[in-house]
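Take a look at the letters that make up each chain.
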Amino acid sequence: SGSGESSASASGIFNNDAFSEDSWKMTDYLLEDILGDCMGEALYNGIKEKLNGDKITLRFTEAAGSSYSWNSKTLNMSVNQLESNVLFHEMFHLYQTLSEPEQSFESSLLNREIEAHYAQYLFRKKQSFLFDIETDSIYLKDKRLLATRSLEMYIDDNGIIRDGIEP
């Protein structure tokens, strides 16, 4: 579908026979931004390796929020949230489900949500050309995201516990 590396990358992990060319272009655009970040590139490559040739269904929906359903192996992107950081967050959940048994994943959903939000926060923080992380309303209005953002007091951008912090 289309030319260029990002198009091949999107079709490397996603499928949707009903997608229009414009839908694939949008997916490519979002994924290109993710692949431009070393953490995003590692995430994509990890997913592709673990899928081992399989594909995940990608859908654009009218739902209020985006989600990844590990039962149906479907990533749903809300048309109201077509942002690379949202796709990154859902891809992070995809990677989590591919990395451990389903029972283990289901019993630690809150931990997985915190991990995904923190990774999304770090990704979004690097997008300073789009977002001022200090005034980004998403992190000021939502208590869960505000708490996620406060993790940087204890953990640096590389996931290392800061000096002076007792585990």
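Basis of the calculations
Residues numbered from 1 in each chain as written. Predicted model: local features only at pLDDT ≥ 70, side-chain atom pairs only at ≥ 80, totals over all residues. Heavy atoms only, no water. Helix = DSSP H or I, 4+ residues; strand = E, 2+ residues; numbered from the N terminus. Buried < 20%, exposed > 50% of the residue type's maximum accessible area, 1.4 Å probe, protein only. Contact = heavy atoms within 4.5 Å. Areas by Shrake-Rupley, 256 points an atom, 1.4 Å probe, with all protein chains shown as cover. Expected span 1.5 Å × (residues − 1). Phe/Tyr/Trp six-rings, centres within 6.5 Å; stacked < 30°, edge-to-face > 60°. Core = buried A, V, L, I, M, F, W, Y, C linked by side-chain atoms within 4.5 Å. pLDDT = per-residue confidence, 0-100.

Participant: Got a minute to help me understand the overall build of the protein chain in this structure?
Facilitator: A tally of regular secondary structure across the protein chain gives 8 helices and 4 strands. Start at the N end of the protein chain and walk to the C end: the helices and strands fall as α-β-α-α-β-β-β-α-α-α-α-α. Looking at the protein chain as a whole, 41% of its 167 residues are labelled buried. If you take every contact in the protein chain between residues at least 6 apart in sequence, the share linking residues at least 24 apart comes to 53%. Entry remark: accessible area of the protein chain is about 9600 Å², with carbon and sulfur atoms responsible for 50%.

Participant: Any chance you could explain the side chain of His 93 here in plain terms?
Facilitator: Mapped onto the secondary structure, His 93 falls in helix α4 (residues 84–99). Residue His 93 is classed as buried on the basis of its relative accessible area of 8%.

Participant: Is there a simple way to explain α4 in this structure?
Facilitator: Two residues of an α-helix separated by three or four positions point the same way, owing to the 3.6 residues in each turn. Compared with an ideal rise of 1.5 Å per residue, which puts 16 residues at 22 Å, α4 spans 22 Å between its outermost C-alpha atoms and is within 8% of the ideal. Most of α4 is tucked away: 13 of the 16 residues are buried.

Participant: I keep staring at the packing of aromatic side chains and nothing clicks. Help me out?
Facilitator: Remark: the centre distance and the inter-plane angle together describe each pair of aromatic rings, the angle taken between the planes. Counted by the stated rule, this structure contains 5 aromatic pairs. Here the aromatic rings of Phe 19 and Trp 24 are separated by 5.1 Å at their centres, their planes lie at 75°, and the arrangement is edge-to-face. Of the residues examined, Phe 19 reaches a relative accessible area of 13% and is grouped as buried. Among the aromatic residues, ring-to-ring pairing joins Phe 19, Trp 24 and Phe 60 into one connected group.

Participant: I'm lost on the nonpolar core in this one. Help?
Facilitator: In a soluble, globular protein the nonpolar side chains are often hidden away together inside. Residues Phe 14, Leu 75, Leu 87 and Met 91 are the most contacted members of the largest nonpolar core, which totals 27 residues. Those elements that provide at least two residues to this core are α1 (5–13), α2 (21–35), α3 (38–51), β2 (56–61), β4 (74–78), α4 and α6 (109–126). Per-element accounting of this core gives the leading share, 6 residues, to α4.

Participant: Looking at this structure, how should I read the confidence of the model for the protein chain?
Facilitator: Residues shown with low pLDDT carry predicted positions that ought not to be read at fine detail. Confidence in the prediction for the protein chain averages 83 pLDDT; 84% of positions are at 70 or higher. Here residues 1–8 scores under 50 on pLDDT; set against residues more than four positions off or in separate chains, the count is 8 contacts.

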